[in-house]
Amino acid sequence: MTQASTPNAETVRRLVRSLLHGEEPGEGPEVTPVVAGPGHSTWWVGARHVLRLATDRDSSARRRRELRLRALVRPRMRIAVPTSIAHGEWAAGLAYTLDTRLPGTTGEGAGVSAVGEADLAELLTGLREVPVRQAEPLGVPRVPPRSLEKLRTAAAAAAGRLAEADEFDPAGVARLTVTGARQLTAQTGAPVLVHHGLADDHLVVGGDGRVRGVLGWDDAVIGDPAEDIAGLALAVGAPAAVRSATLAGYGARPCLRGLWLARCDALIRLAAGTRGHDRTPLPILRTRTRHAWEPILLERVTALPGAETP
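Residues numbered from 1 in each chain as written. Predicted model: local features only at pLDDT ≥ 70, side-chain atom pairs only at ≥ 80, totals over all residues. Heavy atoms only, no water.

Novice: Can you help me understand the overall build of the chain in this one?
Specialist: Tallying secondary structure elements over the chain gives 11 helices and nine strands in all. Relative to its length of 310 residues, the chain is compact, with a C-alpha radius of gyration of 20 Å against a globular reference of 19 Å. Considered along the principal axes of its C-alpha atoms, the chain spans approximately 65 × 40 × 40 Å. Restricting to contacts in the chain with at least 6 residues of sequence separation, those with at least 24 account for 73%. Carbon together with sulfur atoms contributes 53% to the accessible area of the chain, which is approximately 14300 Å² in total. (Helix = DSSP H or I, 4+ residues; strand = E, 2+ residues; numbered from the N terminus. Rg over C-alpha atoms; globule rule 2.2 N^0.38 Å. Contact = heavy atoms within 4.5 Å. Areas by Shrake-Rupley, 256 points an atom, 1.4 Å probe, with all protein chains shown as cover.)

Spelled out as structure tokens, the structure:
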């Protein structure tokens, strides 16, 4: 895979001036890096735009696919999806998109209100209603459901390491038995469009707790809807995630599956983070773990065969 240098501020300024010529007075808006990482570089452009530049061919293909996918999902979403005002190549074969900036905040501390949970329910409903036959030709990949049995085994080992570091009580993992994990295998219904990145600062939340937008569509897949329930559990907490999924029409089994995907993922990544193997800051990994392990009423009223309830 060909790798390009991460664009610097002067590269970004020149590109922005060419894109916003005549729209911004003087020398153009201030540009400030948001985040730089594998495959992308993201910059705030003034107060109204965000510029994302791919730095390898794979992420360039995903940027282009994301533009087409956002156009497909936007009519089915009441929640805002970013709009691109310009796109193209900033270097040979390397794509960029200049998007409108959605008002609101992102991050682990952006809690949602009861009305915000209804917004999340509409998001899950909209994703389910996107025709797979239209998303797949855009290049959105099909991904098979993950094995909760294998994930549970890895999470149990992670919990043991976290217990040694006084990060987690490993007794919690015992709530999901081997038999219970088998009962929470993915259901055989048709796969749906899955955002697959709701836990990664992609929910834009207003000061009133309403969900104002959803970012980061380049990781979308066709697959198990429980993955997005899991993402919401990590982002906004298990109770809010399950309530939102229930409002969207999902039953107890996919809700519990999503909950346990989130709990296992959180433990595995936190354990990796404590050993320096995950670049996500430890406070964020700890917050996600706390969110995922918040108790929910559904666990107390739903008994799966062979599974213990707390």
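Back to the write-up after that little detour.
Novice: Teacher, can you tell me more about the confidence of the model for the chain here?
Specialist: Caution applies to low-pLDDT regions: their predicted coordinates should not be interpreted in detail. Chain-level pLDDT for the chain is 89 on average; 90% of the residues reach the 70-or-more range. Within the model, pLDDT remains below 50 along residues 305-310, and this stretch shows 16 contacts once partners closer than five positions in the same chain are excluded. (pLDDT = per-residue confidence, 0-100.)

Novice: Looking at this structure, I do not really get the pairing of strand S3 (residues 49-54). What am I missing?
Specialist: Two faces make up the sheet, and in a regular strand the side chains alternate between them. Along S3, six of the six residues are buried, which leaves the element largely enclosed by surrounding structure. Of the two faces of S3, the one holding His49, Leu51 and Leu53 and the one holding Val50, Arg52 and Ala54 are both buried throughout. Two elements, S3 and strand S5 (residues 94-100), share five bridges in a ladder whose sense is antiparallel. Bridge pairing links leucine 53 to tyrosine 96 in S5. (Buried < 20%, exposed > 50% of the residue type's maximum accessible area, 1.4 Å probe, protein only. Pairing = 2+ DSSP bridges.)

Novice: Just checking my understanding: could you explain helix H1 (residues 9-19) for this structure?
Specialist: Along an α-helix, residues three or four positions apart point the same way, because every turn accommodates 3.6 residues. Where H1 is concerned, the buried positions are Val12, Leu15 and Val16. All buried residues of H1 project into a common sector of 100 degrees when viewed along the axis, lining one side. A distance of 3.2 Å separates the backbone nitrogen of glutamate 10 from a side-chain oxygen at the start of H1, and that oxygen is part of asparagine 8. (Arc of directions from axis to C-beta. Polar contact = N/O pair within 3.5 Å; in protein donor to acceptor, adjacent residues only side chain to side chain.)

Novice: Could you clarify how one ought to interpret the pairing of strand S8 (residues 211-214) in this entry?
Specialist: Bridge count for strand S7 (residues 203-205) against S8 is three bridges, and the pairing is antiparallel. Residue pairing across strands places valine 205 opposite valine 211, the latter belonging to S8. Where S7 folds back onto S8 in an antiparallel hairpin, the turn is made up of five residues, including glycine 209, whose phi is positive at roughly 85 degrees.

Novice: In this structure, what is going on with the side chain of serine 41? I would like to understand it.
Specialist: Along the chain, the position of serine 41 falls in strand S2 (residues 40-45). A relative accessible area of 2% places serine 41 in the buried class. Within polar-contact distance, the side chain of serine 41 engages the side chain of tryptophan 43 at 2.9 Å. Every residue in contact with serine 41, bar those within four places of it in the chain, is listed here: Thr6, Pro7, Val35, Leu51, Arg52 and Leu53.

Novice: Explanation requested: the side chain of serine 60 in the structure shown.
Specialist: Along the chain, the position of serine 60 falls in helix H2 (residues 57-73). Those residues in contact with serine 60 that sit more than four places away from it in its chain are Ala54, Gly93, Leu94 and Ala95.

Novice: I'm lost on the environment of proline 82 in this one. Help?
Specialist: Following the sequence through the fold, proline 82 ends up in the loop between H2 and strand S4 (84-91). The buried category is assigned to proline 82, whose relative accessible area is 4%. Along the primary structure proline 82 and glycine 104 are separated by 22 residues, whereas in three dimensions their C-alpha atoms are 13 Å apart. Contacts of proline 82, omitting those with residues within four sequence positions, involve Arg70, Arg74, Asp99, Leu102, Val214, Leu215 and Trp217.

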